[in-house]
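# Results of the structural survey
The residues making up each chain are set out below.
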Amino acid sequence: MNTPIRLFARHFALAVSLALAMVGGAAAQDAKAGAKVGAVNVERILRDSSTAKAVSAKLEQDFSKRERDLRASADQLRQAVEKFERESPTLPESQRTPRQRQLVDQERDLQRRQRDFQEELNLRRNEALQQVVEKLNRVIRTIAEAEKYDLIVQEAYYVSPRVDITDRVMSQLDSGK
(Lines give C-alpha, C1' and ligand atoms only; values in the text may rest on other atoms or scores of the structure.)
Protein backbone atom coordinates (compact mmCIF):
# COMPACT_ATOMS: atom_id res chain seq x y z
CA MET A 1 0.00 0.00 0.00
CA ASN A 2 1.45 3.34 -1.02
CA THR A 3 1.08 5.81 1.80
CA PRO A 4 1.61 9.53 1.32
CA ILE A 5 4.92 9.22 3.14
CA ARG A 6 6.15 6.40 0.92
CA LEU A 7 5.10 8.27 -2.18
CA PHE A 8 7.29 11.14 -1.04
CA ALA A 9 10.50 9.61 -2.40
CA ARG A 10 8.96 8.97 -5.82
CA HIS A 11 7.40 12.42 -6.10
CA PHE A 12 10.52 14.00 -4.71
CA ALA A 13 12.72 12.34 -7.33
CA LEU A 14 10.36 13.22 -10.17
CA ALA A 15 10.00 16.84 -9.12
CA VAL A 16 13.74 17.37 -8.79
CA SER A 17 14.36 15.63 -12.09
CA LEU A 18 11.97 18.02 -13.78
CA ALA A 19 13.37 21.03 -11.95
CA LEU A 20 16.92 20.17 -12.94
CA ALA A 21 16.33 19.18 -16.55
CA MET A 22 19.56 20.94 -17.50
CA VAL A 23 22.13 22.63 -15.34
CA GLY A 24 25.05 23.95 -17.22
CA GLY A 25 27.84 26.38 -17.74
CA ALA A 26 28.79 28.54 -20.73
CA ALA A 27 29.78 27.13 -24.11
CA ALA A 28 33.45 26.31 -24.61
CA GLN A 29 35.56 29.38 -25.32
CA ASP A 30 38.01 27.52 -27.45
CA ALA A 31 36.54 24.83 -29.70
CA LYS A 32 39.99 23.24 -30.14
CA ALA A 33 40.30 22.56 -26.42
CA GLY A 34 37.01 20.65 -26.38
CA ALA A 35 34.21 21.04 -23.92
CA LYS A 36 34.47 19.73 -20.40
CA VAL A 37 31.25 17.87 -19.75
CA GLY A 38 29.88 16.37 -16.56
CA ALA A 39 26.77 14.38 -15.77
CA VAL A 40 24.76 14.14 -12.56
CA ASN A 41 22.35 11.33 -11.66
CA VAL A 42 19.80 13.29 -9.63
CA GLU A 43 17.60 10.26 -9.03
CA ARG A 44 20.50 8.48 -7.34
CA ILE A 45 21.29 11.55 -5.26
CA LEU A 46 17.69 11.76 -4.09
CA ARG A 47 17.63 8.06 -3.30
CA ASP A 48 21.05 7.69 -1.65
CA SER A 49 22.12 11.07 -0.25
CA SER A 50 21.98 11.70 3.46
CA THR A 51 20.34 15.06 2.80
CA ALA A 52 17.38 13.56 0.93
CA LYS A 53 17.04 10.73 3.43
CA ALA A 54 17.02 13.22 6.30
CA VAL A 55 14.30 15.30 4.63
CA SER A 56 12.22 12.20 4.02
CA ALA A 57 12.72 10.96 7.59
CA LYS A 58 11.78 14.36 9.00
CA LEU A 59 8.56 14.45 6.98
CA GLU A 60 7.73 10.91 8.01
CA GLN A 61 8.38 11.75 11.65
CA ASP A 62 6.27 14.89 11.45
CA PHE A 63 3.32 13.22 9.72
CA SER A 64 3.37 9.60 10.87
CA LYS A 65 1.29 10.16 14.01
CA ARG A 66 -1.45 11.96 12.08
CA GLU A 67 -1.38 9.27 9.43
CA ARG A 68 -1.77 6.56 12.09
CA ASP A 69 -4.62 8.51 13.67
CA LEU A 70 -6.38 8.81 10.31
CA ARG A 71 -5.98 5.09 9.67
CA ALA A 72 -7.37 4.31 13.11
CA SER A 73 -10.34 6.62 12.47
CA ALA A 74 -10.94 4.96 9.10
CA ASP A 75 -10.84 1.52 10.74
CA GLN A 76 -13.27 2.63 13.45
CA LEU A 77 -15.62 4.06 10.85
CA ARG A 78 -15.42 0.88 8.76
CA GLN A 79 -16.24 -1.22 11.83
CA ALA A 80 -19.13 1.08 12.74
CA VAL A 81 -20.53 0.82 9.19
CA GLU A 82 -20.21 -2.97 9.24
CA LYS A 83 -21.99 -3.11 12.61
CA PHE A 84 -24.72 -0.81 11.34
CA GLU A 85 -25.20 -2.94 8.23
CA ARG A 86 -25.55 -6.07 10.38
CA GLU A 87 -27.97 -4.43 12.81
CA SER A 88 -29.96 -2.19 10.46
CA PRO A 89 -32.51 -4.82 9.35
CA THR A 90 -33.62 -5.26 12.97
CA LEU A 91 -33.46 -1.60 14.03
CA PRO A 92 -36.58 0.50 14.14
CA GLU A 93 -36.63 3.43 11.73
CA SER A 94 -36.37 5.90 14.63
CA GLN A 95 -32.92 4.48 15.50
CA ARG A 96 -31.71 3.60 12.01
CA THR A 97 -32.00 7.08 10.49
CA PRO A 98 -30.04 8.96 13.19
CA ARG A 99 -27.28 6.33 13.19
CA GLN A 100 -27.11 6.47 9.42
CA ARG A 101 -26.79 10.26 9.55
CA GLN A 102 -24.13 9.97 12.23
CA LEU A 103 -22.10 7.57 10.04
CA VAL A 104 -22.42 9.89 7.05
CA ASP A 105 -21.22 12.82 9.18
CA GLN A 106 -18.29 10.77 10.49
CA GLU A 107 -17.33 9.77 6.95
CA ARG A 108 -17.52 13.37 5.77
CA ASP A 109 -15.35 14.48 8.71
CA LEU A 110 -12.81 11.74 8.02
CA GLN A 111 -12.61 12.71 4.34
CA ARG A 112 -12.09 16.35 5.30
CA ARG A 113 -9.31 15.42 7.73
CA GLN A 114 -7.67 13.18 5.11
CA ARG A 115 -7.83 15.98 2.55
CA ASP A 116 -6.34 18.47 5.03
CA PHE A 117 -3.60 16.00 5.88
CA GLN A 118 -2.76 15.42 2.23
CA GLU A 119 -2.71 19.16 1.46
CA GLU A 120 -0.41 19.90 4.40
CA LEU A 121 1.86 16.98 3.51
CA ASN A 122 2.09 18.15 -0.10
CA LEU A 123 2.83 21.71 1.00
CA ARG A 124 5.59 20.61 3.36
CA ARG A 125 6.99 18.18 0.77
CA ASN A 126 7.16 20.95 -1.81
CA GLU A 127 8.84 23.31 0.66
CA ALA A 128 11.42 20.64 1.53
CA LEU A 129 11.91 19.83 -2.14
CA GLN A 130 12.49 23.49 -2.92
CA GLN A 131 15.19 23.73 -0.26
CA VAL A 132 16.97 20.58 -1.47
CA VAL A 133 16.76 21.69 -5.10
CA GLU A 134 18.24 25.08 -4.27
CA LYS A 135 21.05 23.47 -2.30
CA LEU A 136 21.69 20.92 -5.06
CA ASN A 137 21.79 23.68 -7.68
CA ARG A 138 24.32 25.63 -5.61
CA VAL A 139 26.51 22.54 -5.20
CA ILE A 140 26.42 21.76 -8.93
CA ARG A 141 27.18 25.38 -9.83
CA THR A 142 30.06 25.48 -7.35
CA ILE A 143 31.58 22.32 -8.82
CA ALA A 144 31.02 23.58 -12.38
CA GLU A 145 32.75 26.88 -11.68
CA ALA A 146 35.57 25.47 -9.56
CA GLU A 147 36.44 22.72 -12.02
CA LYS A 148 35.68 24.80 -15.14
CA TYR A 149 32.95 22.61 -16.62
CA ASP A 150 31.39 23.85 -19.84
CA LEU A 151 28.27 21.72 -19.50
CA ILE A 152 26.71 19.59 -16.79
CA VAL A 153 23.70 17.49 -17.76
CA GLN A 154 21.25 15.79 -15.51
CA GLU A 155 19.81 13.15 -17.82
CA ALA A 156 21.48 11.26 -20.59
CA TYR A 157 21.00 7.98 -22.38
CA TYR A 158 24.49 6.90 -21.44
CA VAL A 159 27.00 8.42 -19.04
CA SER A 160 30.60 7.36 -18.99
CA PRO A 161 32.06 6.98 -15.50
CA ARG A 162 34.72 9.44 -16.68
CA VAL A 163 32.18 12.30 -16.79
CA ASP A 164 29.86 11.17 -13.99
CA ILE A 165 30.22 13.63 -11.11
CA THR A 166 27.28 12.31 -9.08
CA ASP A 167 29.43 11.05 -6.20
CA ARG A 168 31.20 14.39 -5.92
CA VAL A 169 27.91 16.31 -5.95
CA MET A 170 26.37 13.97 -3.39
CA SER A 171 29.42 14.24 -1.15
CA GLN A 172 29.35 18.04 -1.19
CA LEU A 173 25.57 18.13 -0.76
CA ASP A 174 25.77 15.89 2.30
CA SER A 175 28.74 17.72 3.77
CA GLY A 176 26.82 20.99 3.66
CA LYS A 177 29.29 22.90 1.50
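Above this text you will find the structure in question.
So, how was this worked out
- Residues numbered from 1 in each chain as written.
- Predicted model: local features only at pLDDT ≥ 70, side-chain atom pairs only at ≥ 80, totals over all residues.
- Heavy atoms only, no water.
- Helix = DSSP H or I, 4+ residues; strand = E, 2+ residues; numbered from the N terminus.
- Buried < 20%, exposed > 50% of the residue type's maximum accessible area, 1.4 Å probe, protein only.
- Contact = heavy atoms within 4.5 Å.
- Areas by Shrake-Rupley, 256 points an atom, 1.4 Å probe, with all protein chains shown as cover.
- Axes fitted to C-alpha atoms, helices over the stretch in contact; angles between N-to-C directions.
- Parallel < 35°, antiparallel > 145°, perpendicular 65-115°, else oblique.
- Nonpolar A, V, L, I, M, F, W, Y, C, P; charged D, E, K, R; others polar.
- Core = buried A, V, L, I, M, F, W, Y, C linked by side-chain atoms within 4.5 Å.
- Lys, Arg positive; Asp, Glu negative; His and termini not counted.
- Salt bridge = Lys/Arg side-chain N within 4 Å of Asp/Glu carboxyl O.
- Polar contact = N/O pair within 3.5 Å; in protein donor to acceptor, adjacent residues only side chain to side chain.
- Left-handed = near helix turned anticlockwise from the far one by under 90°.
- Expected span 1.5 Å × (residues − 1).

Another point: the overall build of the protein chain. Along the protein chain, the regular secondary structure elements total 5 helices and 3 strands. The order of helices and strands in the protein chain, counted from the N terminus, is α-β-β-α-α-α-β-α. For the protein chain, with 177 residues in total, the buried portion stands at 32%. Within the protein chain, residue pairs in contact and separated by at least 24 positions form 84% of the contacts whose partners lie at least 6 positions apart. Surface summary for the protein chain: the accessible area is close to 11700 Å², and the carbon and sulfur share equals 50%.

Once that is clear, we can look at unusual backbone geometry. The residue Lys148 is not glycine, and still its phi comes out positive at about 55°. The topology assignment puts Lys148 in the loop between helix 4 (93-146) and strand 3 (151-153). Under the relative-accessibility criterion, Lys148 is labelled exposed at 63%.

Contact pair helix 3 (residues 50-87) / helix 4: the axes reach a minimum separation of 10 Å and the direction vectors enclose 170°. It follows from the interaxial angle that helix 3 and helix 4 lie roughly antiparallel. Of the residues that constitute the contact of helix 3 with helix 4, the class distribution is 15 nonpolar, 5 polar and 15 charged.

Core analysis: the largest hydrophobic core is formed by 19 residues, its most contacted members being Val40, Ile45, Leu136, Ile152, Ile165 and Val169. For this core, the secondary-structure elements that each account for two or more residues are helix 2 (42-48), helix 3, helix 4 and helix 5 (166-175). Here this core takes 7 residues from helix 4, the largest share from any one element. Residues contacting Ile45, with those up to four places away along its chain left out, are Val40, Ala52, Leu136, Thr166, Val169, Met170 and Leu173.

So, on to the side chain of Asp150. When you line up the elements, Asp150 lands in the loop between helix 4 and strand 3. Salt bridges are absent for the buried Asp150, whose nearest opposite-charge side chain, Lys36, sits at 8.3 Å. Here Lys36 takes part through its backbone nitrogen, which lies 2.7 Å from a polar atom of the side chain of Asp150.

The next thing to look at is the environment of Ala128. Looking at the secondary structure, you find Ala128 in helix 4. By relative accessible area, which is 12% here, Ala128 ends up buried. The sequence separation of Ala128 and Leu59 amounts to 69 residues, and the corresponding C-alpha distance is 8.7 Å.

Turning our eyes to something else, we now look at the packing of helix 4 against helix 5. Running from amino to carboxyl end, helix 4 crosses helix 5 at an angle of 125°, the nearest separation of the two axes being 9 Å. For the element pair helix 4 / helix 5, the angle class is oblique. Between helix 4 and helix 5 lies a crossing of right-handed hand. Counting all contacts with helix 4, which are made through Lys135, Leu136, Val139, Ile140 and Ile143, the residues of helix 5 involved are Arg168, Val169, Gln172 and Leu173. Across the contact of helix 4 with helix 5, the residue classes tally to 6 nonpolar, 1 polar and 2 charged.

Once that is clear, we can look at helix 4. The end-to-end C-alpha distance of helix 4 is 78 Å, a good match for the 80 Å that 54 residues give at a rise of 1.5 Å each. Where helix 4 terminates, the next one or two residues include Lys148, which has phi positive at roughly 55°.

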